[in-house]
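Here is what each chain is made of, one letter per residue.
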Number of protein chains: 2
Amino acid sequence: MPLTDATHDPERRSWVDSANAPDSDFPIQNLPWGVFSAGDGPRRVGVAIGEMIVDVTALEADGVLEPAPGEQVFARGILNPFMALTPTVWTETRARLADLLDAATGDRALPLVAQSDARMHLPVFVRSFTDFYASKEHATNVGSMFRDPDNALMPNWLHIPIGYNGRASTVVVSGTEITRPLGQLKGPDDDAPRLGPSAKLDIELELGALVGTATRMGQPLTTAQAEAAIFGYVLLNDWSARDIQVWEYQPLGPFQSKAFATSISPWIVTRDALAPFRHPTPPRDLPLLPYLEEATANNFDIHLEIDLAAEGCAPVTVARTNARYLYYSAAQQLTHHALSGCAMEVGDLLGSGTISGPAPDSLGSLLELTWNGRDPIALPDGQERRFLEDGDTVTLRGWCEGAYRIGFGTCSGTIRPAPVPPA
Amino acid sequence: MPLTDATHDPERRSWVDSANAPDSDFPIQNLPWGVFSAGDGPRRVGVAIGEMIVDVTALEADGVLEPAPGEQVFARGILNPFMALTPTVWTETRARLADLLDAATGDRALPLVAQSDARMHLPVFVRSFTDFYASKEHATNVGSMFRDPDNALMPNWLHIPIGYNGRASTVVVSGTEITRPLGQLKGPDDDAPRLGPSAKLDIELELGALVGTATRMGQPLTTAQAEAAIFGYVLLNDWSARDIQVWEYQPLGPFQSKAFATSISPWIVTRDALAPFRHPTPPRDLPLLPYLEEATANNFDIHLEIDLAAEGCAPVTVARTNARYLYYSAAQQLTHHALSGCAMEVGDLLGSGTISGPAPDSLGSLLELTWNGRDPIALPDGQERRFLEDGDTVTLRGWCEGAYRIGFGTCSGTIRPAPVPPA
């Protein structure tokens, strides 16, 4: 989509007044996709505009939108059938919605629901969840803490967008409560592990990319094909239990330390809406193999923040970072993912890995912010935090800022106590 | 199910003659579940009996079977809706099918299709695939080769059923051709990696357990609950690219080295059919935490073999092993998987990990059989194999042998050349 496209016109305003507020995450230039319900009603596909939601399922049923003639792709209240259409249809549908919501050309009779009256759901059926490790600062910090500060990055890290398969069944929408996991715990001086609730429950601030174009088994992708296959992006919190992780992860990687929950923000911000905020990846420390080279700037300049609130207390912002720090773009991650012939499916979710930057407060996990608990964070009411306590609420926020603001909304979760162990 | 149940009666015979042959994998005591199509017809659920398939979708449509009154759980031609019913329904349906197929009491007008006229499909929608590492012999062999022969087992291995999340999108049914994967390859003396086809393509002989009972996020299981949640078992070949694996796997585990394909046998042998062949896990080297202790024998005495055939040549059996060698049962694997609160879903597939035993030919991978290529296998026509060549066909076989035979059929795949690398 060229940036001269009318959907990027900074002068454009909506007849939905709240979309024209300068601090709105959802101006007419954004139009992110989600799934909502109102009252006891069924799940419906919607697009956020200011403080409202346009009921896209209704627009399709009424014939106002027709992305797939003869089909009702929004009827099931999940975005996968729409995502499975072509990138051209994604772009055309977005342009049509912008016209309908435009203050000059729009249709003020569109079906709207207030976001405050809606409940948000997982916007896609996440077929598979893959988590990458694409921030050099994060990988260096973790390597320094747990392995060797002088050789913090593994030799493969500067060549491969390192990733692992995550657990799709526990990808949940923002607002879902997070139960503290049980696991095997063993301190360095313990003779044997014990069973108990994680005492090092952590967050990982990530960007999630949602795949909209499937590949066949055995079919590699170029970076250009991979970039075009990404439907949009969400905020992602890869909740992590560091004490479970350190005991379990060798030699096959993180498993139950990550499997209990991954939260995503409810609104998928499209690749089209993010186009004005493209940013190149950082300079390479070593040349990449040609299959990973990119002809376009595939990172994004997205401001990211982590808020932490103890139960009953006001939130405090504990980290401020940016998605442009990522050493590997989502397109590079997806290219590497498909290289082996791994089939990609509509609704696959790729986490970027924790996004950390160079500054002491630009770190995307408590592990790094407190240096594995050595330097606790002071909360305003006098409490300290090394890792998360029951009752804590974590909220991620993200937005691009330029001639207008493209926001992601929030991704939040509150920690509930661990269950009774199985007898 | 008590072993006095009529479905385990060794004297019982079927009116389908081929089921009464002593070497049949599918006597009336087995009745494994699969999904087939005939000609251009739609996918249908079936049960194997001798050389035939009973068309269970037709039996339900005709009202002969009614596992979920008012619903047609077999109509979609996939087993997940039936598996989502209760273990009691699984058992009752099996008993009803045995009565219908019994030489004395049966109904010779049942709809049958010859297996030779049917095409088999993936029997379940595999929601998530998890691969474990539950053979002590295999973990010891791999640790000896790649780490330290004196400390081959990681300290966690005797406490945790170690596993990792695999890739569900490339779980395919036996007979699907396997494309040699591309990947990053780097020898120990190379300065930098290069892109190329894997030269160390391997097999992993495993047993796969299919989960039939879902759990809620945050809900741990006891070993007894986990054991009851397993619908049945399949043969599983976890195709592996050892040269990709050794370069990519630190610190987050295997990724593209395993993501390109996993083959399973088409017939799901039920937990009920396997009941007479239960076997305890081997003696513990160290006590387990109580949550992993089992009150029942949850391993199975299943003979397993690997056949390897070069293109145009007769197959040779390269390994003979047994599922009873597994140090951790599938019930223990599933219990650990759910411990963190990870939600399990109907159709989740748990691979046991490569099954190796104590004898030199009881090893479940070429990596071990050839000791990473040091000791090639001689094929009858004079060829040698260190790893798989294009055109090779690998076939896994498995069966229990007692008063009767409970067979798994075969799980096979033929290697096709790697694609052209992305430019």
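All of these numbers come straight from a predicted model, not from anything done at the bench. (Residues numbered from 1 in each chain as written. Chains lettered and ligands numbered in written order. Predicted model: local features only at pLDDT ≥ 70, side-chain atom pairs only at ≥ 80, totals over all residues. Heavy atoms only, no water.)

(A) Structural detail: the overall build of chain A. Check the secondary structure of chain A and you find ten helices and 26 strands. For 423 residues, the compact-globule estimate of 2.2 N^0.38 gives 22 Å, and chain A sits close to it at 21 Å. For chain A, with 423 residues in total, the buried portion stands at 63%. In chain A, the share of contacts with a sequence separation of at least 24, taken over all contacts with a separation of at least 6, comes to 71%. Carbon together with sulfur atoms contributes 51% to the accessible area of chain A, which is approximately 14,700 Å² in total. Both charge centroids of chain A, one from 31 positive and one from 52 negative side chains, sit 2 Å from each other. (Helix = DSSP H or I, 4+ residues; strand = E, 2+ residues; numbered from the N terminus. Rg over C-alpha atoms; globule rule 2.2 N^0.38 Å. Buried < 20%, exposed > 50% of the residue type's maximum accessible area, 1.4 Å probe, protein only. Contact = heavy atoms within 4.5 Å. Areas by Shrake-Rupley, 256 points an atom, 1.4 Å probe, with all protein chains shown as cover. Lys, Arg positive; Asp, Glu negative; His and termini not counted. Charge placed at Lys NZ, Arg CZ, Asp CG, Glu CD.)

(B) Structural view of the environment of A134 of chain B. All names here are of chain B. Positionally, A134 belongs in the loop between β6 (129–132) and α4 (136–146). When the C-alpha atoms of A134 and T281 are compared, they prove to be 11 Å apart, with 147 residues separating the residues in sequence. With near-sequence residues (within four places) excluded, A134 lies in contact with W157, L326, Y327, Y328, Q333, S352 and G353.

(C) Structural view of the environment of G183 of chain A. Assignment of secondary structure puts G183 of chain A in strand β10 (residues 182–185). Owing to a relative accessible area of 3%, G183 of chain A belongs among the buried residues under this scheme. Separated by 15 residues in the primary sequence, G183 of chain A and S198 of chain A have C-alpha atoms spaced 6.5 Å apart. In this structure, G183 of chain A is in contact with R194, L195, G196 and I244 of chain A together with L339 of chain B, ignoring residues within four places of it in sequence.

(D) View of the domain arrangement of chain A. Residues and elements named next belong to chain A. Assigned domains of chain A: these are domain 1 (6–121) and domain 2 (129–416). Each of domain 1 and domain 2 has a C-alpha centre, and the two are 28 Å apart. Contacts between domain 1 and domain 2 engage 29 residues on the former and 28 residues on the latter. Carbon and sulfur atoms supply 65% of the area buried between domain 1 and domain 2, which totals about 2,200 Å² over both sides. The three residues of domain 1 that bury the most area against domain 2 are D25, M83 and W90, which together make up 26% of that side's buried surface. Between D25 and R405 there is a salt bridge, with its nearest N and O atoms 2.9 Å apart. Put simply, the parts of the chain that give the side of domain 1 that touches domain 2 at least two residues each are β1 (33–38), β2 (44–49), α2 (80–83), α3 (87–101) and β5 (118–121). For the side of domain 1 that touches domain 2, the element with the most residues is α3, which contributes four residues. The residue inventory of the side of domain 1 that touches domain 2, partitioned by class, reads 17 nonpolar, nine polar and three charged. (Domains from an automatic or database assignment. Buried area = accessible area lost by both parts, 1.4 Å probe. Salt bridge = Lys/Arg side-chain N within 4 Å of Asp/Glu carboxyl O. Nonpolar A, V, L, I, M, F, W, Y, C, P; charged D, E, K, R; others polar.)

(E) Representation of the interface of chain B and chain A in the model. Chain B puts 69 residues into the contact, and the matching count from chain A is 69 residues. Across the chain B/chain A interface, buried area totals approximately 5,900 Å², and carbon plus sulfur atoms make up 65% of it. Counting the surface chain B buries against chain A, the share from its top three residues, R167, L252 and F255 of chain B, is 14%. On inspection of chain B and its partner chain A, the count reaches two salt bridges. Residue R167 of chain A pairs with D348 of chain B through a salt bridge whose shortest N-O separation is 2.7 Å. If you look at where chain B meets chain A, you find 22 residue pairs in polar contact (both at pLDDT 80 or more). When contributions to the side of chain B that touches chain A are tallied by element, the ones reaching two or more residues are β6, β7 (163–165), β9 (178–179), β10 (182–185), β11 (194–197), α6 (242–248), α7 (256–259) and α9 (330–339) of chain B. Take the side of chain B that touches chain A: its biggest share by element is four residues, from α9 of chain B. For the side of chain B that touches chain A, the per-class residue count stands at 41 nonpolar, 21 polar and seven charged. (Polar contact = N/O pair within 3.5 Å; in protein donor to acceptor, adjacent residues only side chain to side chain.)

(F) Geometry of the packing of aromatic side chains. All names here are of chain B. Under the criterion given, the structure shown has 25 aromatic pairs over all chains. Seen in terms of ring centroids, F74 and F82 are 5.0 Å apart; in terms of plane orientation they differ by 40 degrees. Their pairing is tilted. Accessibility assignment for this pair places F74 and F82 in one class, buried. Ring geometry for F82 and F231: centres 6.0 Å apart, planes at 90 degrees, overall edge-to-face. Highlighted residues: F82 in helix α2 (residues 80–83) and F231 in strand β14 (residues 230–237), separated in sequence by 149 residues. In this structure F231 comes out as buried when scored by relative accessible area, which is 1%. (Phe/Tyr/Trp six-rings, centres within 6.5 Å; stacked < 30°, edge-to-face > 60°.)

(G) Main features of the nonpolar core. Core analysis: the largest hydrophobic core is formed by 81 residues, its most contacted members being Y233, W239, L274, I302, L334 and L388 of chain B. Setting aside its immediate chain neighbours within four residues, Y233 of chain B contacts L207, G208, A209, W267, I268, V269, L274, F300, A330 and F408 of chain B. Judged by nonpolar contacts, the second largest core, of 80 residues, contains Y133, A139, F300 and I406 of chain A. (Core = buried A, V, L, I, M, F, W, Y, C linked by side-chain atoms within 4.5 Å.)

(H) Region of interest: the side chain of E204 of chain A. Residues and elements named next belong to chain A. For E204, the position within the fold is in the loop between β12 (201–202) and β13 (205–211). For E204, a relative accessible area of 4% translates into the label buried. Engagement of the side chain of E204 in a polar contact is seen with the side chain of T354, the distance being 3.0 Å. Other than its neighbours up to four places away in sequence, E204 contacts D131, H138, L236, N237, D238, S240, R242, K258, T354 and G364.

(I) Geometry of the side chain of E248 of chain A. Examined against the element boundaries, E248 of chain A turns out to sit in helix α6 (residues 242–248). Buried charged residue E248 of chain A carries no salt bridge. Nearest counter-charge: K258 of chain A, at 8.6 Å. Here the side chain of E248 of chain A touches Q256 of chain A through a polar contact of 3.0 Å, landing on its backbone nitrogen. Not counting the four nearest positions on each side in its chain, E248 of chain A is found in contact with G253, P254, F255, Q256 and S257 of chain A together with N156, I160 and I162 of chain B.

(J) Spatial organisation of the pattern of salt bridges. Applying the stated criterion across every chain, the model contains 48 salt bridges over all chains. Residues R397 of chain A and E305 of chain A are paired through a salt bridge, measuring 3.0 Å at the closest nitrogen-oxygen approach. With R397 of chain A in strand β25 (residues 393–401) and E305 of chain A in strand β20 (residues 303–309), the pair connects residues that are 92 residues apart, well separated along the chain. For E305 of chain A, a relative accessible area of 14% translates into the label buried. In this structure, R127 of chain B engages E345 of chain B in a salt bridge whose closest nitrogen and oxygen atoms are separated by 3.0 Å.

(K) Representation of the sheet that holds strand β4 (residues 112–114) of chain A in the model. Residue and element names in this part refer to chain A. Ordered by their spatial adjacency, five strands build an open sheet running β4-β3-β2-β1-β5, and the pairing between neighbours is antiparallel. Edge positions in the sheet fall to β4 and β5, since each has one partner strand and no second. Adjacent strand axes in the sheet meet at a mean angle of 45 degrees, parallel and antiparallel pairs treated alike. Pairing of β1 with β2 involves four bridges; the strand directions are antiparallel. Note that in β2 the partner of V35 across the bridge is V45. (Pairing = 2+ DSSP bridges. Axes fitted to C-alpha atoms, helices over the stretch in contact; angles between N-to-C directions.)

(L) Expanded view of the relation of the copies chain B and chain A. It takes a turn of 180 degrees to lay chain B on chain A, together with a shift of 0.0 Å along the axis; the resulting RMSD is 0.0 Å. With respect to symmetry, the two chain copies, as superposed, fit the operation of a two-fold axis. Among all residues of chain B, the minimum C-alpha distance to the rotation axis is found for G253 of chain B, at 2.1 Å. Looking at chain B, 100% of its interface residues are interface residues in chain A too, so the copies touch through the same face. (Least-squares fit on C-alpha atoms with pLDDT ≥ 70 in both.)

(M) Representation of unusual backbone geometry in the model. Residue and element names in this part refer to chain A. With an omega of 5 degrees, the peptide bond between Q250 and P251 qualifies as cis. Relative to the elements of secondary structure, P251 occurs in the loop between α6 and α7 (256–259). Positive phi values are uncommon outside glycine, yet W371 reaches one of about 50 degrees. Within the secondary structure, W371 sits in the loop between α10 (366–369) and β23 (377–378). Positive phi, close to 55 degrees, is recorded for N372, a residue that is not glycine. Here N372 shows up in the loop between α10 and β23.

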